[in-house]
Amino acid sequence: MKRPVLFHRCEIWLPTIWGWLALVLVGTATIVIFARNLNAFLAPNQPVGASLLVVEGWMDRKGLDQAVAAFRSGGYERVVTTGGPIEWPELHGYVTFAERAAEYLKQHGLADASVTAVPAPASAQDRTFLSAVMVREWAKQFGLTINALDVFSSGTHARRSRLLYRMAFGPNVEVGIIAARSSNYDGDRWWRTSDGARDVLDQGIGLIWVKCCFWIPPPGTHEERWAVPAREVRVIE
């Protein structure tokens, strides 16, 4: 009886010292190119020319100042601010980031009639997606048809924001994006500062998580809106 063969002999090709050197050089060049373009990839500027600008209200003053400039130069008819509850509102004077941002935009030159705050309820996760759902429900509640919108977000958060708004609004709504420039670090050399490295790497990981792990709940379900009925969408004009 022939015994079974447990091992077999094979030939393995290994790089020479010059081969290893070439691999190291190619790998290093790839990493450098990837690093130099990562910030630009995460912070795209691709507006679609919509009449509605959605401003993520949790941004700082410099980001909101850029949103004011974008509204004026982009020919928008209306701006909606988003954001959930602020911790210690008695110290800040506003209950939500949406209300705070709306008031800031009004105080810095935008006509009151063009600014609407659409706050989101408290949530420990998926806050951007929930804000997008609340904007969608606000439009539905007031009988507004949205075929396109531009989202104004903070730097490297921008690509993730656009992706989540596309998920919330569906394929029939065109979603553009405008990224505020960071004042804390040079986007082309983000790895040279701790703020830049932390921001870019954190947002990069966040984008990967959304793409591979975020499950889109069915529209109108408890899971999508965290049990917030459409009739309870709160709007501050």
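These remarks concern the structure in this document. Since this is a predicted model, take the numbers as computed values, not measurements. (Residues numbered from 1 in each chain as written. Predicted model: local features only at pLDDT ≥ 70, side-chain atom pairs only at ≥ 80, totals over all residues. Heavy atoms only, no water.)

**Looking at the packing of aromatic side chains**
Here comes step 1: All chains considered together, the criterion is met by five aromatic pairs.
Here comes step 2: Taking 6.2 Å as the distance between ring centres and 20° as the angle between the ring planes, the aromatic pair formed by Phe-71 and Tyr-76 counts as stacked.
Here comes step 3: Judged by its relative accessible area of 10%, Phe-71 is buried.
Here comes step 4: These aromatic residues form a ring-pair network of at least three members: Phe-129, Trp-209 and Phe-214.
Here comes step 5: In this structure, Arg-159 is placed above the aromatic ring of Phe-41, and the distance from its NZ or CZ to the ring centre is 4.0 Å. (Phe/Tyr/Trp six-rings, centres within 6.5 Å; stacked < 30°, edge-to-face > 60°. Buried < 20%, exposed > 50% of the residue type's maximum accessible area, 1.4 Å probe, protein only. Lys NZ or Arg CZ within 6 Å of the ring centre and 35° of its normal.)

**Side note on helix α6 (residues 158–169)**
Here comes step 1: The first and last C-alpha atoms of α6 sit 16 Å apart over 12 residues, in line with the 16 Å expected at 1.5 Å per residue.
Here comes step 2: A large share of α6 lies buried, amounting to 11 of its 12 residues. (Helix = DSSP H or I, 4+ residues; strand = E, 2+ residues; numbered from the N terminus. Expected span 1.5 Å × (residues − 1).)

**A few points about the sheet that holds strand β3 (residues 115–119)**
Hydrogen bonding along the main chain pairs the strands of a sheet, whether they run parallel or antiparallel.
Here comes step 1: Taking strand neighbours across the sheet as the criterion, the five strands line up as β3-β2-β1-β4-β5 in an open arrangement whose pairing is parallel. Strands at the two margins of the open sheet, each flanked by one partner only, are β3 and β5 (174–180). Taking the axes of each pair of neighbouring strands and ignoring which way they run, one obtains an average angle of 25° across the sheet.
Here comes step 2: One ladder, built from three bridges, connects strand β1 (residues 52–56) with strand β4 (residues 148–154); its direction is parallel. If you follow Leu-53 over to β4, its bridge partner there is Asp-150. (Pairing = 2+ DSSP bridges. Axes fitted to C-alpha atoms, helices over the stretch in contact; angles between N-to-C directions.)

**Considerations on the pattern of salt bridges**
Here comes step 1: Under the criterion given, the structure shown has four salt bridges.
Here comes step 2: Close ionic contact of Glu-137 with Lys-140 constitutes a salt bridge, the shortest N to O distance being 3.5 Å. A residue pair is termed a helical-turn pair when its members lie 3 or 4 positions apart in one helix, as Glu-137 and Lys-140 do in helix α5 (residues 127–141) at three residues.
Here comes step 3: For Glu-137, a relative accessible area of 2% puts it in the buried group.
Here comes step 4: On the basis of relative accessibility, which here comes to 55%, the residue Lys-140 falls in the exposed class.
Here comes step 5: Here Arg-189 makes a salt bridge to Asp-186, at a shortest N to O gap of 3.5 Å.
Here comes step 6: Judged by its relative accessible area of 39%, Asp-186 falls in the partly exposed class.
Here comes step 7: Salt bridges sharing partners connect three or more residues here, namely Arg-136, Glu-137 and Lys-140. (Salt bridge = Lys/Arg side-chain N within 4 Å of Asp/Glu carboxyl O.)

**A look at the side chain of Arg-136**
Here comes step 1: Take Arg-136: it is sitting in helix α5.
Here comes step 2: Residue classification places Arg-136 among the buried residues on the basis of a relative accessible area of 12%.
Here comes step 3: The contacts of Arg-136, once residues within four sequence positions are left out, are Ala-168, Phe-169, Pro-219, Gly-220 and Glu-224. (Contact = heavy atoms within 4.5 Å.)

**Observations concerning the pairing of strand β2 (residues 78–83)**
Here comes step 1: Judged by how many residues are buried, β2 sits mostly within the fold: five of six residues are covered.
Here comes step 2: Relative to β2, β1 runs parallel, the two sharing five bridges. Looking at β2, one finds that Leu-52 is bridged to Arg-78.
Here comes step 3: With helix α2 (residues 61–74) bridging β1 and its parallel neighbour β2, the resulting β-α-β unit is right-handed.
Here comes step 4: Two strands pair when backbone bridges link them, and β2 and β3 are joined in this way by five bridges, in the parallel orientation. Across the sheet, residue Thr-81 finds its bridge partner in β3, namely Ala-117. (Right-handed = clockwise from strand over helix to strand, strands pointing away.)

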